[in-house]
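Chain residues, written in single-letter form:
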Amino acid sequence: MSPDYASEVLRGWGRSTMSSAHVATVSDRDLIDHVKVADERGVLVRGLGRSYGDAAQNGGGRVLRLASSSSDVRLDESAGTVTAGAGVSLDDLLRVIVPRGFFVPVTPGTRFVTVGGAVAADIHGKNHHLEGSFGNHVRRFSLVLADGSVLECSRKQNPDAFWTTIGGMGLTGVIRDATFGLIGIETSRCRVDTVRCDDFDELIEHMSTGDDDVRYSVAWVDLLSSGSHFGRGVLWRGDHARRDDLPVADRANALEYGPRQVLSVPPVIPGSGVVNALSSAVFNEAWFRKEPRRREGSIKSIPAYFHPLDAVGSWNRLHGRHGFVQYQFVVPFGRESELRRIVEVIVASRLATPLVVLKRFGAGNDAPLSFPMPGWTLTVDLPAGADTLASLTRTLDEIVLEAGGRHYLAKDALLGPAALRAGYPRLAEWQNVRRRLDPQQTFRSDLARRLGLLE
Ligand SMILES: Cc1cc2nc3c(=O)[nH]c(=O)nc-3n(C[C@H](O)[C@H](O)[C@H](O)COP(=O)(O)OP(=O)(O)OC[C@H]3O[C@@H](n4cnc5c(N)ncnc54)[C@H](O)[C@@H]3O)c2cc1C
């Protein structure tokens, strides 16, 4: 192994998956040389490691991090697009584009993801029901293939490679840079309406009506309460605030943007961590009660509305040494009874932690491995050390797949090949194009081995 590489244990964000790889940070100039090295365990690019499971790990093989800087960001204000190096984080990007009146087309619940990771997982945000996932907004990208050639990809140029790479989890090549559309904004604040719902039926009813009139919509659900509080939740809907929405004193600096981290969790949290059934139940009660029954038009900053967890550095350590898994699935509209059944099973398990998100997806896109489809997506963190975790997720998998749903690969740590095939009926189509782009299976990952993706 060349001296550029150091052996490193890499984990997913959930800290429940880990493997050791030879890791190097490479400049754009050297990237092709690093890709072309042939070895048995292959190579993978890792972004900021915010996928929860083993998607950004390649045990025993090589893992590349792409060196980046904010000079890799080229904003075209008249076209409303940006071209950024794939290693640039949304955090860096937002610091450049927000003060100039633009916002990313899709943001996940953290700004610490790279452009490459956003394309490779085809990430979705609170605006999916109207504006689709990240790939919908990508105009073009360049892709370094296993033989060192560089393929320009767009809807018109090499469309097969374009759609296979979007949601392709790094297994087609290395995305080097990407151009994508942006949202024009007048301010760096959001205008948010809140509705507190006392039970599951009320929450589903609220979410099913009115989402189409608002750009951003997402709900929190209490997955620990039962009886009359079963499935209670809080729905937040919003959009970017206009200048006139701000108090007069704030209008002069309407595009000011400076997110800060206020706390950081220490590197070592004892034993099984501080998240448990009792602390979670107390948190949920307080969280539900702190929200007003209804409030309209409250003004929140971009970090407070989109990225509240980023205020606490390394919060993923709170689960202790076993870590956690994030279980995220989608079931189609019309399968609300299965969604309810899933919520019942999770509540009965007493394993849910407070971090739960429920959202309605709109139409999917043309990428065969893209996760979103029209329907309900639920995300819940579960402790990886729990004895009953495997039986719980097996039961949930059966309900999800039987309902015609699927699981999100950027979150997954537990699925097997059969469940993947059942959820992604276009898998063979994806595999055919991938095989053509990388016949020697140069690009590999722990996720790909676990799920049999490269067959
Ligand atoms: C707090 C939190 C909230 C989140 N909320 C959401 C959400 O709301 N919606 C959502 O969709 N996701 C969400 N995620 C997941 C996250 O958006 C995805 O996992 C994203 O892919 C992480 O980006 P990354 O740069 O950290 O990539 P990594 O996790 O490092 O890698 C993810 C995949 O991308 C591939 N990859 C990375 N860079 C490249 C490249 N240059 N070329 C080719 N492949 C590449 C990797 O090989 C890997 O397969 C959340 C994660 C966290 C921690």
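The rules we used
Residues numbered from 1 in each chain as written. Predicted model: local features only at pLDDT ≥ 70, side-chain atom pairs only at ≥ 80, totals over all residues. Heavy atoms only, no water. 1 Å grid on protein atoms, 1.4 Å probe; cavity = no way out; pocket = protein on both sides within 12 Å on 5 of 7 lines; lining within 4 Å. Points joined across faces, edges and corners; volume = space filled by probe spheres on them. Helix = DSSP H or I, 4+ residues; strand = E, 2+ residues; numbered from the N terminus. Domains from an automatic or database assignment. Pairing = 2+ DSSP bridges. Axes fitted to C-alpha atoms, helices over the stretch in contact; angles between N-to-C directions. Contact = heavy atoms within 4.5 Å. Nonpolar A, V, L, I, M, F, W, Y, C, P; charged D, E, K, R; others polar. Buried area = accessible area lost by both parts, 1.4 Å probe. Buried < 20%, exposed > 50% of the residue type's maximum accessible area, 1.4 Å probe, protein only. Near = heavy atom within 4 Å. Polar contact = N/O pair within 3.5 Å; in protein donor to acceptor, adjacent residues only side chain to side chain. Areas by Shrake-Rupley, 256 points an atom, 1.4 Å probe, with all protein chains shown as cover.

1. Remarks on empty space enclosed by the protein
Okay, so step 1: Per the stated rule, a full pass over the model turns up two cavities of 30 Å³ or more.
Okay, so step 2: In this structure, the largest cavity occupies an estimated 100 Å³ of space.
Okay, so step 3: Lining the largest cavity are 13 residues, with Gln 326, Tyr 327, Asp 412, Ala 413 and Leu 414 sitting closest to its centre.
Okay, so step 4: Listing elements by their share of the lining of the largest cavity, those giving two or more residues are strand E18 (324–332) and helix H10 (389–402).
Okay, so step 5: Looking at the lining of the largest cavity, the element that brings in the most residues is E18, giving four residues.
Okay, so step 6: Of the volumes computed, that of the second largest cavity is approximately 30 Å³.
Okay, so step 7: For the second largest cavity, the full set of lining residues is Ala 121, Gly 167, Met 169, Leu 369, Phe 371, Tyr 408, Leu 409, Ala 410 and Tyr 424.
Okay, so step 8: The two domains that each donate at least three residues to the lining of the second largest cavity are domain 1 (70–185) and domain 2 (189–415).

2. Comments concerning the sheet that holds strand E3 (residues 43–46)
Okay, so step 1: One open sheet accounts for four strands, arranged E1-E2-E4-E3; its pairing is mixed. Of all strands in the sheet, those with a lone pairing partner are strand E1 (6–11) and E3, marking the two edges. Recorded for the sheet is a direction-independent mean angle of 45° between the axes of neighbouring strands.
Okay, so step 2: Across four bridges, the pairing between E3 and strand E4 (residues 62–66) is parallel. Residue pairing for E4: Leu 44 is matched across the bridge by Val 63.
Okay, so step 3: Docked against the sheet, helix H1 (residues 28–36) engages strand E2 (18–26) and E4, running at close to 165° with respect to E4.

3. Quick word on the layout of surface pockets
Okay, so step 1: Its boundaries defined by the atoms lining it, the second largest pocket holds a volume of some 280 Å³.
Okay, so step 2: If you go around the second largest pocket, you meet 16 residues; those closest to its centre are Arg 11, Trp 13, Arg 46, Leu 48 and Gly 49.
Okay, so step 3: Residue classes in the lining of the second largest pocket are distributed as four nonpolar, five polar and seven charged.

4. Quick look at the domain arrangement of the protein
Okay, so step 1: Domain annotation of the protein identifies domain 1 (70–185) and domain 2 (189–415).
Okay, so step 2: Taking only C-alpha atoms, the centre of domain 1 and the centre of domain 2 are 24 Å apart.
Okay, so step 3: Facing the 33 residues of domain 1 at the interface are 35 residues of domain 2.
Okay, so step 4: Taking both sides of the interface into account, the surface hidden between domain 1 and domain 2 amounts to around 3100 Å²; carbon and sulfur atoms contribute 61%.
Okay, so step 5: Contact with domain 2 buries surface across domain 1, with Arg 111, Lys 126 and His 129 losing the most and accounting together for 25% of the total.

5. Examining the pairing of E2
Okay, so step 1: Note: E1 against E2, six bridges, orientation antiparallel. Each bridged residue has a counterpart across the sheet, and for Ser 7 the counterpart in E2 is His 22.
Okay, so step 2: Where E2 meets E4, five bridges bridge the pair, whose relative direction is parallel. In the sheet register, Val 23 faces E4, and the bridge partner there is Val 63.

6. Side note on the pairing of strand E13 (residues 216–221)
Okay, so step 1: Of all six residues in E13, six are buried; the element is thus mostly enclosed.
Okay, so step 2: The alternating pattern of E13 places Tyr 216, Val 218 and Trp 220 on one face and Ser 217, Ala 219 and Val 221 on the opposite face, and all of these are buried.
Okay, so step 3: Summarising the sheet, E13 and strand E14 (residues 233–240) pair through six bridges and their orientation is antiparallel. The residue of E14 that forms the bridge with Trp 220 is Val 234.

7. Describing the site of the ligand
Okay, so step 1: Taken together, 35 residues lie near the ligand, and Val 45, Gly 47, Ser 51, Thr 114 and Tyr 408 sit nearest.
Okay, so step 2: Measuring from an oxygen atom of the ligand, one finds a backbone N or O atom of Arg 50 at 2.8 Å.
Okay, so step 3: In the environment of the ligand, an oxygen atom lies 2.6 Å from a nitrogen or oxygen atom belonging to the side chain of Ser 51.
Okay, so step 4: Considered on its own, the ligand offers 960 Å² of accessible surface; in the complex 96% of this is hidden by protein.
Okay, so step 5: Here the residues of the shell around the ligand are counted per class, giving 21 nonpolar, 11 polar and three charged.
Okay, so step 6: For the shell around the ligand, the domains that each give at least three residues are domain 1 (70–185) and domain 2 (189–415).

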